[in-house]
Structures are given as structure tokens and as C-alpha cells.
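Residue-level listing of the chains:
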Amino acid sequence: MTRAWVEVDLGALCRNGAAIAARAGVPMLPMVKANGYGLGGLRVALALEALDPWGFGVASVHEGDVLRRGGITRPIVVFTPILQTEIDALRRAQLIPALGDPAVIESWIRTGHPWHLHIDTGMSRAGMPWHLVAHHRDLFARAMPDGVLTHFHSAGSDDESRDLQERRFAEGLAALPARPSLMHAENGPAIERRAPSRWSLFRPGIFLYGGAGFEGGPLQPEPVASMRARIVEIRPVATGETVSYDATWTADSPRRIATVPVGYADGYRRALSNKGVALLRGKRIPVAGRVTMDMTMFDVTDTDAALGDVVTLLGSDGGDAITLAEMSATCDVSPYEILTGLQTRLPRQYCEPSEATA
Ligand SMILES: *Cc1c(COP(=O)(O)O)cnc(C)c1O
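Residues numbered from 1 in each chain as written. Predicted model: local features only at pLDDT ≥ 70, side-chain atom pairs only at ≥ 80, totals over all residues. Heavy atoms only, no water.

**Considerations on the side chain of His 118**
- Of note, His 118 is situated in strand E5 (residues 116-120).
- Judged by relative accessible area, His 118 falls into the buried class, the value being 7%.
- Those residues within four positions of His 118 in sequence are excluded, and the remaining contacts are Phe 79, Ala 98, Leu 99, Gly 100, Ala 126, Gly 127, Met 128, Leu 149, Thr 150 and His 151. (Helix = DSSP H or I, 4+ residues; strand = E, 2+ residues; numbered from the N terminus. Buried < 20%, exposed > 50% of the residue type's maximum accessible area, 1.4 Å probe, protein only. Contact = heavy atoms within 4.5 Å.)

**Structural notes on the environment of His 153**
- As for its placement among the helices and strands, His 153 is situated in the loop between strand E7 (147-149) and helix H8 (159-174).
- The exposure class of His 153 is partly exposed, given its relative accessible area of 38%.
- If near-sequence neighbours (up to four positions away) are discounted, His 153 is found in contact with Gly 122, Met 123, Ser 161 and Gln 165.
- A polar contact of 2.7 Å, which involves the side chain of His 153, links it to the side chain of Ser 154. (Polar contact = N/O pair within 3.5 Å; in protein donor to acceptor, adjacent residues only side chain to side chain.)

**Focus: the nonpolar core**
- Core analysis: the biggest nonpolar cluster contains 100 residues, and Leu 13, Val 32, Leu 39, Ile 105, Tyr 209, Tyr 268 and Phe 298 have the highest contact counts within it.
- Ranked by residue count, the leading element in this core is helix H1 (residues 10-24), at six residues.
- Shared between two domains, this core holds at least three residues of each, these being domain 1 (10-209) and domain 2 (225-322).
- If near-sequence neighbours (up to four positions away) are discounted, Tyr 209 is found in contact with Leu 13, Met 31, Val 32, Gly 36, Tyr 37, Leu 39, Val 44, Val 224, Leu 324 and Leu 339.
- Val 243, Ala 251, Ile 257 and Met 297 belong to the second largest nonpolar core, which has seven residues in total. (Core = buried A, V, L, I, M, F, W, Y, C linked by side-chain atoms within 4.5 Å. Domains from an automatic or database assignment.)

**Some words on the packing of H1 against helix H3 (residues 41-48)**
- Two numbers describe how H1 lies on H3: the axes approach to 9 Å, and their chain directions differ by 55°. Put simply, H1 runs oblique to H3. The hand of the H1/H3 crossing is right-handed. The residues of H3 that touch H1, namely those facing Leu 10, Leu 13 and Cys 14, are Arg 43, Val 44, Ala 47 and Leu 48.
- Per-class residue counts for the contact of H1 with H3 are six nonpolar, no polar and one charged. (Axes fitted to C-alpha atoms, helices over the stretch in contact; angles between N-to-C directions. Parallel < 35°, antiparallel > 145°, perpendicular 65-115°, else oblique. Left-handed = near helix turned anticlockwise from the far one by under 90°. Nonpolar A, V, L, I, M, F, W, Y, C, P; charged D, E, K, R; others polar.)

**A look at the packing of aromatic side chains**
- Tallied over the entire structure, the rule returns four aromatic pairs.
- Consider the rings of Tyr 37 and Tyr 209, whose centres lie 4.5 Å apart with planes at 20°: the pair is stacked. In this pair, Tyr 37 is assigned in helix H2 (residues 33-37) and Tyr 209 in the loop between strand E9 (201-203) and strand E10 (225-230), connecting sequence segments 172 residues apart. Pair check on accessibility: Tyr 37 and Tyr 209 agree, each one buried.
- With a centroid separation of 6.2 Å and 40° between ring planes, the pair formed by Tyr 37 and Tyr 336 is classed as tilted. You can see Tyr 37 sitting in helix H2 and its partner Tyr 336 sitting in helix H11 (residues 335-340), a full 299 residues away along the chain.
- Accessibility expressed as a relative area gives 6% for Tyr 37, which makes it buried. (Phe/Tyr/Trp six-rings, centres within 6.5 Å; stacked < 30°, edge-to-face > 60°.)

**Describing the sheet that holds strand E11 (residues 233-237)**
- Strand order across the open sheet formed by three strands is E11-E14-E17, with antiparallel pairing between neighbours. Of all strands in the sheet, those with a lone pairing partner are E11 and strand E17 (296-299), marking the two edges. When strand polarity is set aside, the average angle formed by the axes of neighbouring strands in this sheet is 30°.
- Relative to strand E14 (residues 255-260), E11 runs antiparallel, the two being bridged by five bridges. Following the sheet pairing, Glu 233 is matched in E14 by Thr 259. (Pairing = 2+ DSSP bridges.)

**Considering H8**
- The end-to-end C-alpha distance of H8, which contains 16 residues, comes to 22 Å, matching closely the 22 Å that a straight helix rising 1.5 Å per residue would cover.
- As for H8, its buried residues are in contact with E5, E7, strand E8 (182-187) and helix H9 (188-193).
- At the N-terminal boundary of H8, the capping side chain belongs to Asp 158, with an oxygen 3.1 Å from the backbone nitrogen of Glu 160. (Expected span 1.5 Å × (residues − 1).)

As C-alpha cells, then:
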């Protein structure tokens, strides 16, 4: 019997993908990096195949390799800069690098394989600075990239910086000897904020996995991930007794405390100590004391909790839900960190689209 697990609703994932693709109006290049934002890169990519994406985006050669070995045949773009020493591995797995360094571009074009040019327009993280594209015109005249991209630093919050970055991107594109056949810039929040897309592809990430890019947007994603665990112990705690490390929680009356086998080593953040809330048969139960590495205690005094009962730490149960937005706000981290922080100790259970309730 599974004591603690993460449920992944692949039907909801696909509905989120269909919703944001409809708004973008162009084919998508879903980002399945970081093991599909923690939910399982290959499973997520295989499910998204149903939406006929242009290809997939990953962060590393290894992540791309995992998709290839799993049977993905569409284009796969690696979005972090690659080293010269990785060129062979990329070619073997038929991965498309996003390049910005002139020396690496020189080496790559000798392979004759497709590549995308990453133009840095203000993120200052990866890619060729937009004002240097003209300087390398000869290089591009010898081998035009198959696609050209940039990345916005504040897509979900700031339209002015996005306008500036788009002007720089246009400047970089104009400096190329020809118009590339593929151009992409928008992540999920950029499409939530402004659509249709101005380019040929868009690159959604967090929205697919149930995270809204910003508050009050026109699209709200369905939740995709749930974290659940069974109660493994229940004890009465007398008035004045304390719970967990550092004794930060004291019973102010006789209480019942339930222990659940999930802790910060599973990705249930320590910042949820004395603040987090979970669901037991649709009822909210508060975290009592510090979240520990492998266990968390909840005050279940006002419930009929029994051993083996399922506690929902993230996700919905009985009409109520601990949303990704709520959990990230409670521990003051981004929803990206909550999802990618879910550790592999929690087995993933997949709910296929056909089984999902609409
Ligand atoms: C992660 C990433 C995205 C997706 O961003 P979201 O905010 O999750 O939609 C798009 N493009 C690049 C280059 C990325 O690294």
C-alpha cells in the first residue's frame, strides 16, 4: 500500500495545454524541463502528444535523451547553453541546441544539424546579446539558424520591459541575412497576458502544470498535481504538551495529533511549519509544530480521523482544495519551486486523460 504519493492528472494537463494553445493561436513548444516541472518529463510529454505540439523544450542533454529513449520523435530543443564537449551527445540524440556563443555556433554548424539562435534581449542569462547579431552576420550567412528565440524576464508582470525586449528581438532578427522560418519568444505568462502570439511558436510551462502566471489573468489552469499521504499514527496530546522540534506548538487544551509520513525531504516545505493546512475528508486541518524531514503532524481534534485515512496536502478533496497558489503563498515561494521541489521519494500516480473526470 502506498503511504504517500503525488497524483498527476494528465487530463487536466492536456486541457490546460489546449486552453493556452487556443489563446496563443500558434503551435506550441511545451517546456518539459526539470522532469516536466517535477511531474515526470516523459509521461507529461507523451500525454501532450495528443495536442500535436511542434516539439518539446528541455534544459539538458540528459533530459532530451530521456524523451528520445521513451519514444518521442518530435523536435526537442535544449534551452541551456551547451559546451563544445556535449556536441556529440546532442547529435546522437538528435537534439536541437539553442546557441548564443559564436565559437560553439562555429563548431555546431560543421555538423550540419539543425539549431536555434538564442538572442539575449535583457534576461542576461543565455544567448547572444541582440546588439551583437549584426557583428556575426557572416557566420549566419554561412549557416542560418532553423529557429530564433528570446526570453522575457518579466512576462507576467511588466508590459513595458516586454515591449523593450520585443524591439530588441526585432532588431536582432533584422540583423540576420534572412528571415528565419521559426521564431519564438513567449512563455506561458506572456500568452496569458497578451495574445495571440506575435511569433511562430510559444513555450508554455507552468500553466500546463496548473500554475497561473499571474493573478487575475483571463485563463485559469486546472490543478494537475496533488500530494496525498495516509495517517500513520494518532495520539492524544494533553494541555501544555508540545509537538515537534523546538517545541514551537503547545496544546492549549486536550488535542488529537495525527502524524503523516511526508516531510521537507519529500518537498513538503519546512516553511509550512505551524502555517500549512491540509484536507481530511474535505475538512481543513492545520500543521502542528515544525515540519520534519520525514513526518508532519496535524491537529485533527475536530475530525473523526483514523489510522490509514488519506490526508490531502496539495490538491482537492471533498469540494475544498489546497491550491498550488495557496501553498506557494503560505510558504512564500513560487509555484515553480513547489512543483520542482516534489521529491522522487513520493511515487507519481498518473491519471490518464480517458480516466479523468471532465
Ligand atoms: C522555463 C521556460 C519557459 C516556460 O516558462 P513558464 O513561465 O513556465 O511558462 C519558456 N522558455 C524558456 C526559455 C524557459 O526556460
